[in-house]
Amino acid sequence: MEHQFIRKENKYKGHVFDVAKVYVKLPDGRERAYDLVEHGNSVTIVPVTEDGQLYFVTQHRIGSGNTLLELPAGVLDGDEEPRSAASRELQEEIGKAPGELIEIGGFYLAPGYTDEYMVVFLAKNLSDSPLDPDEDEFLEIIKLPITEVYKKAAAGEIQDGKTLASLLLARPFL
(Lines give C-alpha, C1' and ligand atoms only; values in the text may rest on other atoms or scores of the structure.)
Protein backbone atom coordinates (compact mmCIF):
# COMPACT_ATOMS: atom_id res chain seq x y z
CA MET A 1 0.00 0.00 0.00
CA GLU A 2 1.29 3.45 -0.91
CA HIS A 3 1.21 6.67 1.03
CA GLN A 4 -1.97 8.49 -0.02
CA PHE A 5 -1.89 12.26 -0.51
CA ILE A 6 -4.61 14.04 1.52
CA ARG A 7 -3.87 17.76 1.21
CA LYS A 8 -1.17 20.40 1.06
CA GLU A 9 -0.93 23.74 2.86
CA ASN A 10 1.49 26.37 1.58
CA LYS A 11 3.43 27.79 4.55
CA TYR A 12 6.22 29.94 3.07
CA LYS A 13 7.01 31.43 -0.32
CA GLY A 14 10.63 32.42 -0.83
CA HIS A 15 12.98 33.58 -3.55
CA VAL A 16 14.61 30.17 -4.10
CA PHE A 17 12.09 27.72 -2.63
CA ASP A 18 8.67 27.40 -1.02
CA VAL A 19 7.71 25.31 2.00
CA ALA A 20 4.48 23.34 2.27
CA LYS A 21 2.91 21.12 4.93
CA VAL A 22 1.84 17.91 3.18
CA TYR A 23 -0.64 15.56 4.81
CA VAL A 24 -0.61 11.88 3.83
CA LYS A 25 -2.37 8.72 4.89
CA LEU A 26 0.23 6.10 5.85
CA PRO A 27 -0.07 2.43 4.82
CA ASP A 28 -1.32 1.58 8.33
CA GLY A 29 -4.17 4.13 8.04
CA ARG A 30 -2.70 6.88 10.24
CA GLU A 31 -2.45 10.46 8.99
CA ARG A 32 0.93 12.23 9.11
CA ALA A 33 2.11 15.73 8.23
CA TYR A 34 5.46 16.34 6.51
CA ASP A 35 7.30 19.56 5.72
CA LEU A 36 8.21 19.74 2.02
CA VAL A 37 10.70 22.17 0.49
CA GLU A 38 9.40 22.84 -3.01
CA HIS A 39 12.34 23.69 -5.25
CA GLY A 40 12.66 23.85 -9.03
CA ASN A 41 14.38 20.99 -10.79
CA SER A 42 18.01 21.46 -11.71
CA VAL A 43 21.02 20.21 -13.64
CA THR A 44 24.59 19.27 -12.83
CA ILE A 45 27.21 19.14 -15.56
CA VAL A 46 30.45 17.13 -15.70
CA PRO A 47 32.57 19.16 -18.16
CA VAL A 48 35.52 17.14 -19.46
CA THR A 49 38.39 18.46 -21.58
CA GLU A 50 40.09 16.60 -24.44
CA ASP A 51 43.15 16.07 -22.21
CA GLY A 52 41.23 14.39 -19.39
CA GLN A 53 40.52 17.21 -16.96
CA LEU A 54 37.26 18.26 -15.33
CA TYR A 55 36.06 21.79 -14.72
CA PHE A 56 34.87 22.71 -11.23
CA VAL A 57 33.86 25.90 -9.48
CA THR A 58 34.29 26.93 -5.89
CA GLN A 59 31.67 28.99 -4.15
CA HIS A 60 30.62 29.82 -0.63
CA ARG A 61 27.54 27.90 0.52
CA ILE A 62 25.42 29.22 3.38
CA GLY A 63 24.33 25.73 4.52
CA SER A 64 27.88 24.48 4.99
CA GLY A 65 29.37 27.78 6.10
CA ASN A 66 32.28 26.99 3.76
CA THR A 67 33.53 27.36 0.24
CA LEU A 68 32.95 24.07 -1.58
CA LEU A 69 34.42 22.48 -4.70
CA GLU A 70 31.50 21.73 -7.02
CA LEU A 71 30.66 20.78 -10.55
CA PRO A 72 28.80 23.48 -12.50
CA ALA A 73 25.08 23.28 -11.76
CA GLY A 74 21.92 25.32 -11.60
CA VAL A 75 18.15 25.51 -11.50
CA LEU A 76 15.94 25.34 -14.56
CA ASP A 77 14.37 28.70 -15.44
CA GLY A 78 10.58 28.20 -15.55
CA ASP A 79 9.76 25.47 -18.07
CA GLU A 80 13.28 25.45 -19.52
CA GLU A 81 14.42 22.02 -20.73
CA PRO A 82 17.26 20.41 -18.76
CA ARG A 83 19.55 20.29 -21.83
CA SER A 84 19.14 24.04 -22.41
CA ALA A 85 19.72 24.76 -18.73
CA ALA A 86 22.90 22.67 -18.73
CA SER A 87 24.29 24.56 -21.70
CA ARG A 88 23.38 27.92 -20.17
CA GLU A 89 24.85 27.04 -16.77
CA LEU A 90 28.15 25.97 -18.37
CA GLN A 91 28.39 29.31 -20.16
CA GLU A 92 27.50 31.29 -17.03
CA GLU A 93 29.74 29.38 -14.61
CA ILE A 94 32.84 28.36 -16.59
CA GLY A 95 32.46 30.36 -19.83
CA LYS A 96 32.27 27.26 -22.04
CA ALA A 97 29.71 25.92 -24.49
CA PRO A 98 29.44 22.16 -24.97
CA GLY A 99 29.88 20.69 -28.44
CA GLU A 100 28.37 17.49 -27.08
CA LEU A 101 26.00 17.16 -24.12
CA ILE A 102 25.14 13.61 -23.01
CA GLU A 103 22.46 12.94 -20.39
CA ILE A 104 23.94 10.33 -18.04
CA GLY A 105 21.36 10.09 -15.26
CA GLY A 106 19.53 11.91 -12.54
CA PHE A 107 18.59 11.79 -8.88
CA TYR A 108 16.50 13.43 -6.17
CA LEU A 109 18.71 15.76 -4.17
CA ALA A 110 17.21 15.01 -0.73
CA PRO A 111 13.85 13.24 -1.15
CA GLY A 112 13.15 13.15 2.57
CA TYR A 113 12.27 16.84 2.53
CA THR A 114 12.49 18.32 -0.98
CA ASP A 115 11.05 17.55 -4.42
CA GLU A 116 14.12 18.83 -6.34
CA TYR A 117 15.28 16.46 -9.10
CA MET A 118 18.68 16.88 -10.78
CA VAL A 119 19.50 15.75 -14.29
CA VAL A 120 23.20 15.07 -14.90
CA PHE A 121 25.00 15.73 -18.17
CA LEU A 122 28.49 14.97 -19.44
CA ALA A 123 29.78 17.91 -21.51
CA LYS A 124 32.47 17.36 -24.14
CA ASN A 125 34.11 19.32 -26.96
CA LEU A 126 34.04 22.54 -24.96
CA SER A 127 34.61 25.92 -26.59
CA ASP A 128 34.83 29.46 -25.24
CA SER A 129 31.37 31.06 -25.01
CA PRO A 130 30.97 33.06 -21.79
CA LEU A 131 27.68 34.44 -20.50
CA ASP A 132 27.37 36.82 -17.56
CA PRO A 133 27.19 34.90 -14.27
CA ASP A 134 24.26 35.27 -11.88
CA GLU A 135 24.63 38.49 -9.88
CA ASP A 136 24.98 36.63 -6.57
CA GLU A 137 27.56 34.07 -7.75
CA PHE A 138 31.23 34.64 -7.02
CA LEU A 139 32.92 31.62 -8.53
CA GLU A 140 36.49 30.51 -9.01
CA ILE A 141 37.02 28.12 -11.94
CA ILE A 142 39.32 25.15 -11.33
CA LYS A 143 40.47 22.35 -13.67
CA LEU A 144 41.60 19.04 -12.20
CA PRO A 145 42.80 15.77 -13.76
CA ILE A 146 40.15 13.05 -13.61
CA THR A 147 42.35 10.75 -11.50
CA GLU A 148 42.95 13.51 -8.95
CA VAL A 149 39.20 14.24 -8.76
CA TYR A 150 38.34 10.68 -7.74
CA LYS A 151 41.19 10.65 -5.21
CA LYS A 152 39.82 13.88 -3.69
CA ALA A 153 36.34 12.37 -3.57
CA ALA A 154 37.58 9.20 -1.84
CA ALA A 155 39.58 11.29 0.65
CA GLY A 156 36.51 13.33 1.65
CA GLU A 157 37.84 16.52 0.07
CA ILE A 158 34.72 16.94 -2.07
CA GLN A 159 31.78 17.50 0.25
CA ASP A 160 29.04 18.60 -2.14
CA GLY A 161 26.45 15.83 -2.54
CA LYS A 162 25.37 16.66 -6.08
CA THR A 163 29.00 16.68 -7.19
CA LEU A 164 29.71 13.30 -5.60
CA ALA A 165 26.56 11.71 -7.09
CA SER A 166 27.31 13.18 -10.52
CA LEU A 167 30.90 11.93 -10.43
CA LEU A 168 29.59 8.45 -9.63
CA LEU A 169 27.24 8.58 -12.63
CA ALA A 170 30.01 9.95 -14.86
CA ARG A 171 32.70 7.40 -13.96
CA PRO A 172 31.83 4.87 -16.73
CA PHE A 173 32.05 7.67 -19.32
CA LEU A 174 35.42 9.10 -18.26
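For the structure, check the block above.
Residues numbered from 1 in each chain as written. Predicted model: local features only at pLDDT ≥ 70, side-chain atom pairs only at ≥ 80, totals over all residues. Heavy atoms only, no water.

Visitor: Give me the overall build of the protein: which residues, what numbers.
Guide: On a plain count of helices and strands, the protein comes out with three helices and 10 strands. Counting only C-alpha atoms and orienting by the principal axes, one finds that the protein spans roughly 55 × 35 × 30 Å. Relative to its 174 residues, the protein shows a buried fraction of 39%. A separation of at least 24 residues holds for 57% of the contacts in the protein among residues at least 6 apart in sequence. Averaged over its 18 positive side-chain charges, the protein has a centre that lies 7 Å from the centre of its 31 negative ones. (Helix = DSSP H or I, 4+ residues; strand = E, 2+ residues; numbered from the N terminus. Buried < 20%, exposed > 50% of the residue type's maximum accessible area, 1.4 Å probe, protein only. Contact = heavy atoms within 4.5 Å. Lys, Arg positive; Asp, Glu negative; His and termini not counted. Charge placed at Lys NZ, Arg CZ, Asp CG, Glu CD.)

Visitor: Which residues make up the packing of aromatic side chains, and what are the values?
Guide: Scanning all chains against the criterion turns up two aromatic pairs. Here Tyr108 and Tyr117 contribute two aromatic rings whose centre-to-centre distance is 4.9 Å and whose plane-to-plane angle is 70°, an arrangement assigned as edge-to-face. Note on Tyr108: relative accessible area 48%, which makes it partly exposed. Sitting over the ring of Tyr23, Arg7 keeps its end group 3.9 Å from the ring centre. (Phe/Tyr/Trp six-rings, centres within 6.5 Å; stacked < 30°, edge-to-face > 60°. Lys NZ or Arg CZ within 6 Å of the ring centre and 35° of its normal.)

Visitor: Explain the pattern of salt bridges residue by residue, including any values.
Guide: If you walk through the whole model with that rule in mind, you get 16 salt bridges. Residue Arg7 is joined to Glu31 by a salt bridge in which the shortest nitrogen-to-oxygen separation is 3.7 Å. Of this pair, Arg7 sits in strand β1 (residues 4-13) while Glu31 sits in strand β3 (residues 31-39), and the two are 24 residues apart along the sequence. Residue classification places Arg7 among the partly exposed positions, given a relative accessible area of 34%. (Salt bridge = Lys/Arg side-chain N within 4 Å of Asp/Glu carboxyl O.)

Visitor: How would you sum up the side chain of Gln53? Please name residues and give values.
Guide: Looking at the element boundaries, Gln53 is found in strand β5 (residues 53-61). Judged by relative accessible area, Gln53 falls into the buried class, the value being 18%. Among the polar contacts listed, one links the side chain of Gln53 to the side chain of Asp51, at a separation of 3.3 Å. Beyond its immediate chain neighbours, meaning those up to four positions away, Gln53 contacts Pro47, Val48, Lys143, Leu144, Pro145 and Ile146. (Polar contact = N/O pair within 3.5 Å; in protein donor to acceptor, adjacent residues only side chain to side chain.)

Visitor: Outline the sheet that holds strand β7 (residues 73-75), listing residues and values.
Guide: Strand order in the open sheet formed by four strands is β7-β4-β9-β8, and the pairing between neighbours is mixed. Each edge of the sheet is formed by a strand with only one pairing partner; in this case those strands are β7 and β8 (96-108). Between one strand axis and the next, the sheet turns by 25° as a mean value, whatever way the strands run. Pairing between β8 and strand β9 (residues 117-128): 11 bridges, direction antiparallel. Bridge pairing in β9 places Ile102 opposite Leu122. (Pairing = 2+ DSSP bridges. Axes fitted to C-alpha atoms, helices over the stretch in contact; angles between N-to-C directions.)

Visitor: Provide a residue-level description of the side chain of Glu89, including the pertinent values.
Guide: Relative to the helices and strands, Glu89 is located in helix α1 (residues 82-94). The exposure class of Glu89 is buried, given its relative accessible area of 3%. Sequence-distant contacts of Glu89, that is, excluding residues within four places in its chain, are made with Val43, Ile45, Ala73, Gly74, Val75 and Ile94.

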